[in-house]
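Listed here are the chains, written in short residue letters.
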Amino acid sequence: ASFIIGCNAPGSKGTPATGSTPVAAGAPATGKIAYVNIDTLEAKYDVLKAKREDFKHRQEQMESELQRSYQQMQSDAEAVQKKAEANNLSQTEYENAQKRLYQMQKSLESRKQSLTEQLMKDQEEFNKDLKMRLDAFLEKYNKTHQYDYILSYSYAGSSILYVNKQLDITKDVVDGMNAEAKD
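These notes cover the structure that comes with them. If you're wondering where the values come from, they're calculated on a predicted model, not measured in any experiment.

Parameters and conventions
- Residues numbered from 1 in each chain as written.
- Predicted model: local features only at pLDDT ≥ 70, side-chain atom pairs only at ≥ 80, totals over all residues.
- Heavy atoms only, no water.
- Salt bridge = Lys/Arg side-chain N within 4 Å of Asp/Glu carboxyl O.
- Helix = DSSP H or I, 4+ residues; strand = E, 2+ residues; numbered from the N terminus.
- Buried < 20%, exposed > 50% of the residue type's maximum accessible area, 1.4 Å probe, protein only.
- Contact = heavy atoms within 4.5 Å.
- Phe/Tyr/Trp six-rings, centres within 6.5 Å; stacked < 30°, edge-to-face > 60°.
- Lys NZ or Arg CZ within 6 Å of the ring centre and 35° of its normal.

We now examine the pattern of salt bridges. Summed over all chains, the structure comprises 12 salt bridges. The salt bridge involving Asp46 is made with Lys49; its shortest N-O contact spans 3.6 Å. Residue Asp46 and its partner Lys49 are located together in helix α2 (residues 46-85), separated by three residues, close to a single helical turn. Between Asp175 and Lys171 there is a salt bridge whose closest N-O contact spans 2.6 Å. With Asp175 and Lys171 both in helix α4 (residues 170-182) and four residues apart, this pair spans about one turn of that helix.

Written out as structure tokens, the structure reads:
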């Protein structure tokens, strides 16, 4: 699962993006703009990389658990089938075994849904936390840099079609957030 983050423009609520001096009527609005490359942030922010590994590990554990349960259910079904073919089961025993296998299947489906929902919920909570961390960092960062807009940019799926690489503050943001995470 990819983590995509949008950036708010800190400090620009309710104020025109015209810098610190008033703009004369009819004059074009200007603003100090920078952007954060989200692809780079995702690749280099240590907290995000570690959490991705954690989610990947949890996903693998979930799949392994479900696979073991499925194999056990298959093994039980084969054993029942062999006993039935050898006429070693009464009708009642066969029906009870079928009910038990049905319950195992329902339990397995329920467990899969529960694990999947929990993992998705945890990922969503982490995304919210990550967004709050980024917003808080940009708020602090912008106190000294005074940008009117800080945009998010991604090579895949960005609505920004062109970026001036001189406006890229991604390295500052990644380095700063990594430093804060170590504190």
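The next thing to look at is the environment of Lys182. Secondary-structure assignment places Lys182 in helix α4. A residue is classified by how much of its surface remains accessible, and Lys182, at 68% relative accessible area, is exposed. Here the alpha-carbon distance between Lys182 and Val47, two residues 135 residues apart in the chain, equals 9.3 Å.

So, about the side chain of Thr170. By the secondary structure assignment, Thr170 is in helix α4. By relative accessible area, Thr170 is classed as buried at 2%. The contact partners of Thr170, leaving out residues within four places of it in the chain, are Tyr35, Val36, Asn37, Thr40 and Leu41.

Our next topic: the packing of aromatic side chains. For the structure shown, the criterion picks out four aromatic pairs. Ring centres of Tyr153 and Tyr155 lie 5.5 Å apart, and the angle between their planes is 80°; on these two criteria the pair is classed as edge-to-face. Judged by relative accessible area, which is 12%, Tyr153 ranks as buried. Each member of the aromatic cluster is reached from another via a ring pair, and the members are Tyr35, Tyr153 and Tyr155. Between the NZ or CZ atom of Lys32 and the centre of the ring of Tyr147, over which it lies, the distance is 4.8 Å. Sitting over the ring of Phe55, Lys51 keeps its end group 5.4 Å from the ring centre.

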